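# An overview of the molecular structure
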Amino acid sequence: MLDLSNLTLTKIQELVLTRKCKIYDILLAYKNNYELNKDINGYIEFFDDSLEIAKRYDDCLKNCELEDLPLIGMLIAVKDNISIKDKSLTCASEILKGYISPYDATVIKRLKNKGAILIGRTNMDEFAMGSTCEFSYYGATLNPLNREYVIGGSSGGSAAVVAAFQAPFSLGSDTGGSVRLPASFSGILGFKPSYGGLSRYGLASYASSFDQIGFFSHSIEDIALILKHTCGSDKMDSTSVDIFDDFYPLKIESLQSKNLAVIKELGEDLMDKNVANSFAKFKLDLLSKGINIKEVSIEEINFILSIYYTISPVEASSNLARYTGLCYGKRISESLSLNDFYFKHRSNFFSEEVKRRIVLGNYLLSEGYDSKYYAKACEILQNLIIPKFNKLFESCDFIITPTSFVKPFRLGLDFDDPVKMYYSDICTVIANLIGAPAISLPYSKDEEGLSIGMQIIGRSKKDFELLSFSKNVIRELGLNGI
């Protein structure tokens, strides 16, 4: 008997269009999985009205009233920082409790217009700040592979619901690895498009220069399908761009003679032993398929984390200045002066991690320090880092790294060690800084059953080329998920 809660979107589409299965029944199977494993805490809210929408689409199919809905019946969970009209939007923060979004994000609008059904809001690190999904007003999300370990963040809820078969596909956001890290920790695919490849209109901003909506799935074909129907420029987002779709639909091709780069400065001596062993094996597997791998030196890689954690807190402190309790969200019912009003709301309703980044950002923007740190970081990024990687992509097709130097760690272990948490982003932030697409592939497990992922970074706007190559890596190496 077919397991209705273990389907790819393309399989759902096939079953629905051939009338072999109802959308309602498939959605009910995923909802039942959610009810049985609520303790994972991947959802903040499961949308009960999604069942009504599923019934309506089933009736349309039955009566042959199907319009041009290429994504009909596709069930998608959404991170709680992406706007869905008439649904709560809290960014997993107490300060936004009670806020209802008055509009759809562009990506959400495009999905709805093509027949996709949004099934729930997923948990996250508050305002997308964190790498473990422990910094949420709604509590930590657990790793479905081992509930004593973190799922990774900040899009941990979106990863958990896909990994636990509570949704076939989900949307997250990725500022420095927030999609790829939890994908790696939970043994699924995590994809971050090129900067601007998906409109950011309707995505609550953390660091606007790096933020990007991304995808979680068990299927590379599903990622390509949803990207095809959601990507492209948007008049509501001046940073949005069109990406090249020459490689769509994805094709089966040989890996032979592809040129990959490995960055010398991201050496195996810096990695956890299990990660280093897996990465070494990954390289050998690729070499055995006729791929060329060369080691390149990029000394500027040593500045990567410093640049990211200089620019991102500055932009975060600016973006989060709007959350005062004055215009929307939760409000204290006391008679207060304006200064006390701001102070009490922001002190009481922001978590420690959010306050840490706001304070750091304000410090970096303070008189005398803005030019010393923030302006200098932007200058190094534009004049050194980006040109260096552009030059590298002239001689190689893709860059490979582990998704993270570290394995999933135990819940609570690094809660008070932010530097160690930030260090887990060292491989993933590269793609955000240079605006390139990147994907985490589930590659291996350690002796405790924890997942280790491998990252592939592609050229900007060549997202479908990256997905096509990844499809063939998965096929030839037999990577069928963890």
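In this report, the structure presented in the accompanying data block is examined. Quick caveat: nothing in here was measured; it's all calculated off a predicted structure.

The rules behind the values
- Residues numbered from 1 in each chain as written.
- Predicted model: local features only at pLDDT ≥ 70, side-chain atom pairs only at ≥ 80, totals over all residues.
- Heavy atoms only, no water.
- Helix = DSSP H or I, 4+ residues; strand = E, 2+ residues; numbered from the N terminus.
- Rg over C-alpha atoms; globule rule 2.2 N^0.38 Å.
- Buried < 20%, exposed > 50% of the residue type's maximum accessible area, 1.4 Å probe, protein only.
- Contact = heavy atoms within 4.5 Å.
- Areas by Shrake-Rupley, 256 points an atom, 1.4 Å probe, with all protein chains shown as cover.
- Lys, Arg positive; Asp, Glu negative; His and termini not counted.
- Charge placed at Lys NZ, Arg CZ, Asp CG, Glu CD.
- Pairing = 2+ DSSP bridges.
- Salt bridge = Lys/Arg side-chain N within 4 Å of Asp/Glu carboxyl O.
- Core = buried A, V, L, I, M, F, W, Y, C linked by side-chain atoms within 4.5 Å.
- Phe/Tyr/Trp six-rings, centres within 6.5 Å; stacked < 30°, edge-to-face > 60°.
- Lys NZ or Arg CZ within 6 Å of the ring centre and 35° of its normal.
- Axes fitted to C-alpha atoms, helices over the stretch in contact; angles between N-to-C directions.
- Parallel < 35°, antiparallel > 145°, perpendicular 65-115°, else oblique.
- Nonpolar A, V, L, I, M, F, W, Y, C, P; charged D, E, K, R; others polar.
- Expected span 1.5 Å × (residues − 1).
- Arc of directions from axis to C-beta.
- Patch = residues over 30% accessible without salt bridge, like charges linked within 9 Å, V, L, I, M, F, W, Y side chains within 5 Å.

Okay, the overall build of the protein chain next. The number of helices and strands found in the protein chain is 15 helices and 11 strands. Its C-alpha atoms give the protein chain a radius of gyration of 22 Å, near enough to 23 Å, the size a compact globule of 482 residues would have. Dimensions of the protein chain, computed from C-alpha atoms along their principal axes, come out at roughly 65 × 65 × 45 Å. Within the span of the protein chain, comprising 482 residues, buried residues form 61% of the whole. Contacts spanning at least 24 positions in sequence make up 76% of the contacts within the protein chain whose residues lie at least 6 apart. For the protein chain, the accessible area works out to roughly 18,700 Å², and carbon and sulfur atoms hold 50% of it. Across the protein chain, 53 positive and 60 negative side-chain charges occur, with their mean positions spaced 3 Å apart.

Our next topic: the pairing of strand β5 (residues 189–192). By the alternation rule, side chains of β5 split into Leu189 and Phe191 and Gly190 and Lys192, which are all buried. Sheet topology note: the β5/strand β10 (residues 438–445) ladder contains 3 bridges and is antiparallel. Looking across to β10, one finds that lysine 192 is bridged to alanine 438.

Once that is clear, we can look at the side chain of aspartate 58. Turning to its location among the elements, aspartate 58 is positioned in helix α3 (residues 49–62). Among buried Asp, Glu, Lys and Arg side chains, aspartate 58 stands out as unpaired, with lysine 22 the closest opposite charge at 6.0 Å. Discounting chain neighbours no more than four positions away, the residues touching aspartate 58 are Lys22, Ile23 and Tyr24.

Once that is clear, we can look at the nonpolar core. Among the nonpolar cores identified, the biggest contains 150 residues, and Phe127, Leu171, Phe389 and Leu467 are the most heavily contacted of them. Discounting residues that sit within four places of it in the chain, phenylalanine 127 has contacts with Cys91, Ser93, Ile95, Leu96, Tyr206, Leu320, Tyr323, Phe350 and Val354.

With that settled, the discussion passes to the packing of aromatic side chains. Applying the stated criterion to the full structure yields 19 aromatic pairs. Judged by centre distance (6.3 Å) and plane angle (80°), the rings of phenylalanine 185 and phenylalanine 409 are edge-to-face. Of this pair, phenylalanine 185 sits in helix α6 (residues 180–186) while phenylalanine 409 sits in the loop between β9 (398–402) and α13 (418–423), and the two are 224 residues apart along the sequence. Owing to a relative accessible area of 1%, phenylalanine 185 belongs among the buried residues under this scheme. Judged by its relative accessible area of 7%, phenylalanine 409 falls in the buried class. Between phenylalanine 191 and phenylalanine 215, the aromatic rings sit 6.4 Å apart at their centres with planes inclined by 35°, giving tilted as the arrangement. Taken together, the positions of phenylalanine 191 in strand β5 and phenylalanine 215 in strand β6 (residues 213–217) put the pair 24 residues apart, joining distant regions of the chain. Put simply, the rings of Tyr99, Phe127, Tyr323, Tyr328 and Phe350 touch in pairs and so form one group of aromatic residues. A cation sits over an aromatic face here: lysine 462 above phenylalanine 244, 5.0 Å from the ring centre.

With that out of the way, let us pick up the pattern of salt bridges. Taken as a whole and assessed by the stated rule, the structure comprises 27 salt bridges. The partner of arginine 357 in a salt bridge is glutamate 353, with the nearest N and O atoms 2.6 Å apart. Of the two residues, arginine 357 and glutamate 353 both sit in helix α11 (residues 352–365), 4 residues apart, roughly one turn of that helix.

The next subject is the sheet that holds strand β7 (residues 259–263). The strand order β1-β3-β2-β4-β6-β5-β10-β11-β9-β7-β8 describes an open sheet built from 11 strands, whose pairing is mixed. Looking at strand neighbours, the two that pair on one side only are β1 (43–46) and β8 (292–296), the edges of this open sheet. Shown here is a sheet whose adjacent strand axes are inclined to one another by a mean of 30°, direction ignored. Pairing of β5 with β6 involves 3 bridges; the strand directions are antiparallel. Along β6, the bridge assignment pairs leucine 189 with serine 217.

The next point concerns the packing of helix α9 (residues 304–319) against α11. At a minimum axis distance of 7 Å, the contact between α9 and α11 shows a crossing angle of 100°. Comparing their axes, α11 and α9 come out roughly perpendicular. Here α9 contributes Tyr309, Thr310, Pro313, Val314 and Ser317 to the contact with α11, which in turn contributes Arg357, Ile358, Leu360, Gly361, Asn362, Leu364 and Leu365. Residue composition of the contact of α9 with α11, grouped by class: 7 nonpolar, 4 polar and 1 charged.

So, about unusual backbone geometry. In this structure, serine 154 follows glycine 153 across a cis peptide bond, with omega equal to 5°. Considering the arrangement of structural elements, one finds serine 154 in the loop between β3 (117–122) and α5 (156–163). Cis rather than trans, the peptide bond between tyrosine 248 and proline 249 has omega equal to -5°. The topology assignment puts proline 249 in the loop between α7 (220–230) and β7. The phi torsion at cysteine 133 lies on the positive side, around 65°, for a residue other than glycine. Its place among the elements puts cysteine 133 in the loop between β3 and α5. Residue classification places cysteine 133 among the buried positions, given a relative accessible area of 0%.

What follows concerns helix α10 (residues 338–349). Across its 12 residues, α10 extends 16 Å between first and last C-alpha, which sits within 8% of the 16 Å expected from 1.5 Å per residue. Every buried residue belonging to α10 is among Phe341, His345, Arg346 and Phe349, and all of these are buried. The arc that holds the buried residues of α10, viewed along the axis, is 105°, so those residues lie on one side. In α10, the exposed residues that point more than 90 degrees away from the buried face are Asn339 and Phe343.

This part takes up a nonpolar patch on the surface. Together, Leu360, Tyr363 and Tyr373 line one region of the surface with nonpolar side chains, adding up to about 250 Å² of accessible area. Tracing the backbone through its elements, the reader meets tyrosine 373 in helix α12 (residues 370–392).

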